[in-house]
Amino acid sequence: MLSNLLEQKVPQPEISTKKMPHPELSIVIPAYNEEPNVDELCSRLLAVLEATHRTFEIVVVNDGSRDHTLGKLLQWREKYPSLFRILDFNSNFGHHNALWAGFEHIRGDWVISMDADLQTPPEEIPKLLEKIDQGYDYIGSWRLGKRQDAKWRDWASKIDNRFRSRITDIRMTDQGCMLRAYKRSIVDAIIHCGDYTAFIPALAYKFAARYTEIGMQHAPRFRGKTKYGLYYLLRTHFDLMTGFSLVPLQVFTLFGFALSGGCFLLVLYMIGRRIFLGPEAEGVFTLFTILFLMVSVAIVGIGLIGEYVGRTYQIVQGRPRYILRQLYDTQPKS
Ligand code: UDP
Ligand code: MG
């Protein structure tokens with residue numbers, strides 16, 4: 001099976017391979033178990049980039065893949081050593097940490113991020129270049145038409161986009177579409193800001209002076225399975241909410257005030273009732289219900305505070321976002 005894949009013939013475009021210390025474009029691609037997609041991705045991407053007549057480099061981050069993603073990538077690098085830079089993590093650190101690592105290793109004036117599974121087709125890159133030429137410093141995108149993922153993902157991302165726009169000041173139509181272009185200054189601001197948030201598109205929005213968005217075609221995953229399960233998505237969304245807004249904490253505090261006000265009135269009522277009507281026995285379950293409500297609200301609150309404390313804890317720990325096993329960067333010996 002593997003050898004079949006390795007032997008597959010994929011059209012390889014004719015590309016000039018002169019060394020480019022300072023290209024115009026750096027394409028950053030995180031890849032985790034994307035072996036079946038690598039050839040198609042590299043071949044289509046090279047064809048598109050070559051047609052733009054801009055200098056470029058492709059920075060792929062192998063995020064601890066367990067298949068032969070790295071081997072495939074190194075084959076492409078062997079063919080075009082000056083165009084490919086491969087970062088190899090020693091284990092899986094997650095999509096946004098891989099993107100972060102790519103950002104730390106780019107040399108270009110502009111960075112374009114995209115996924116390795118071809119859901120964000122490379123053929124859409126020229127749309128970003130048009131906007132780059134119009135003077136924007138950060139260009140986002142939204143997925144045109146029907147999203148090519150499981151239905152629940154579509155709903156989850158709609159709810160998430162709406163919720164995020166309510167509680168933060170980030171105005172992006174579709175935060176999940178990763179085909180985006182970042183000016184070098186924005187990328188520098190991101191990697192030097194010391195923020196632990198993993199959500200790069202939102203961070204870039206904070207730093208951008210001229211943001212715009214464009215609609216992008218969205219394809220089904222070329223091959224393989226999504227790496228985003230429900231738990232991973234929920235984590236990312238919590239990170240986004242608590243990383244960019246104090247509103248959840250403030251809403252909770254206000255709710256706490258309102259609830260304690262209500263409870264105080266209830267206590268006054270119960271005291272009055274006891275004095276004038278005598279102790280009540282049947283109402284015990286009402287009290288229990290109220291108690292349960294308050295306990296559950298308190299638990300949510302503790303969890304919420306825990307999110308913020310957890311974020312602070314991570315920053316204090318200062319652990320690396322990723323560990324690089326090897327950087328394939330220099331020209332191979334001939
Ligand atoms: N990815 C990664 N590390 C991970 C999970 C995903 O580098 O732990 C990469 C993956 O290879 C792909 C991109 O992130 O290039 C988006 O992942 P996926 O397609 O699974 O997400 P979806 O499109 O389903 O949201
Ligand atoms: Mg995908």
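Heads up: the structure comes first, above all this text.
Fair warning: this is a prediction, and the values are worked out from it, not measured in the lab.

The rules behind these values
Residues numbered from 1 in each chain as written. Chains lettered and ligands numbered in written order. Predicted model: local features only at pLDDT ≥ 70, side-chain atom pairs only at ≥ 80, totals over all residues. Heavy atoms only, no water. Helix = DSSP H or I, 4+ residues; strand = E, 2+ residues; numbered from the N terminus. Rg over C-alpha atoms; globule rule 2.2 N^0.38 Å. Buried < 20%, exposed > 50% of the residue type's maximum accessible area, 1.4 Å probe, protein only. Contact = heavy atoms within 4.5 Å. Areas by Shrake-Rupley, 256 points an atom, 1.4 Å probe, with all protein chains shown as cover. Lys, Arg positive; Asp, Glu negative; His and termini not counted. Charge placed at Lys NZ, Arg CZ, Asp CG, Glu CD. Near = heavy atom within 4 Å. Polar contact = N/O pair within 3.5 Å; in protein donor to acceptor, adjacent residues only side chain to side chain. 1 Å grid on protein atoms, 1.4 Å probe; cavity = no way out; pocket = protein on both sides within 12 Å on 5 of 7 lines; lining within 4 Å. Sits in = over half its atoms within 2 Å of the grid points. Salt bridge = Lys/Arg side-chain N within 4 Å of Asp/Glu carboxyl O. Core = buried A, V, L, I, M, F, W, Y, C linked by side-chain atoms within 4.5 Å. Donors = N, O, S within 2.8 Å, 3.2 Å for Na, K, Ca; no water. Arc of directions from axis to C-beta. Points joined across faces, edges and corners; volume = space filled by probe spheres on them. Nonpolar A, V, L, I, M, F, W, Y, C, P; charged D, E, K, R; others polar.

(A) Expanded view of the overall build of the protein. Looking only at helices and strands, one finds eleven helices and eight strands in the protein. In terms of overall dimensions, the protein is more spread out than a globule: its C-alpha atoms have a radius of gyration of 25 Å, far above the 20 Å expected for 334 residues. Along the first, second and third principal axes, the C-alpha atoms of the protein reach 95 × 45 × 40 Å. Taken across its 334 residues, the protein has 46% of its residues classed as buried. Taking the contacts inside the protein whose residues are at least 6 apart along the sequence as the reference set, 85% of them involve residues at least 24 apart. Accessible area of the protein: about 17600 Å², with a carbon and sulfur share of 62%. Averaged over its 40 positive side-chain charges, the protein has a centre that lies 3 Å from the centre of its 35 negative ones.

(B) Layout of the site of ligand 1. Taken together, 17 residues sit near ligand 1, with Glu34, Asp63, Arg153, Thr226 and Lys227 positioned nearest. At 2.8 Å, a backbone N or O of Pro30 approaches an oxygen atom of ligand 1. In this structure, an oxygen atom belonging to ligand 1 sits 2.4 Å away from a side-chain N or O atom of Thr226. Summarising the interface, the protein chains cover 96% of the accessible area of ligand 1, which totals 530 Å² for the free molecule. Its atoms largely coinciding with the cavity grid, ligand 1 occupies the largest pocket.

(C) How the structure looks around the pattern of salt bridges. Enumeration according to the criterion identifies 16 salt bridges in this entry. Ionic pairing is found between Arg221 and Asp117, a salt bridge with its closest N-O pair at 3.3 Å. Here Arg221 is found in the loop between β7 (211-216) and α9 (230-244), whereas its partner Asp117 is found in the loop between β4 (110-113) and α5 (125-133), with 104 residues between them in sequence. A cluster of three or more residues bridged by salt bridges with shared partners is formed by Glu34, Asp117, Arg221 and Lys227.

(D) A look at the nonpolar core. Residues Ile27, Ile29, Ile58, Phe84, Ile112 and Ile125 are the most contacted members of the largest nonpolar core, which totals 37 residues. Considering every element that reaches this core, the biggest residue donor is helix α2 (residues 35-51), with seven residues. Residues within four places of Ile29 in sequence aside, it is in contact with Leu41, Leu45, Ile58, Val59, Val60, Val61, Met114, Asp115 and Ala116. Counting 31 residues, the second-largest nonpolar core is a separate cluster that includes Leu87, Leu99, Val187 and Leu240.

(E) Up close: the coordination of the magnesium ion (ligand 2). For the magnesium ion (ligand 2), the full set of protein donor atoms is Asp117 (OD) and Gln119 (OE1), and the range of their distances to it is 2.0 to 2.1 Å. With respect to class, Asp117 is no different from Gln119; both count as buried.

(F) Structural detail: helix α3 (residues 69-79). Residues of α3 that are buried: Thr69, Leu70, Lys72, Leu73, Trp76 and Arg77. The buried residues of α3 occupy one face: seen down the axis, they fall within an arc of 165°.

(G) Inspection of the layout of surface pockets at higher detail. A volume near 670 Å³ is recorded for the largest pocket. His95, Asp115, Arg153, Met178 and Tyr228 are the residues nearest the centre of the largest pocket, which is lined by 36 residues in total. Where the lining of the largest pocket is concerned, the elements lending two or more residues are β1 (25-31), α4 (95-104), α6 (151-167) and α9. Residue composition of the lining of the largest pocket, by class: ten nonpolar, 14 polar and twelve charged.

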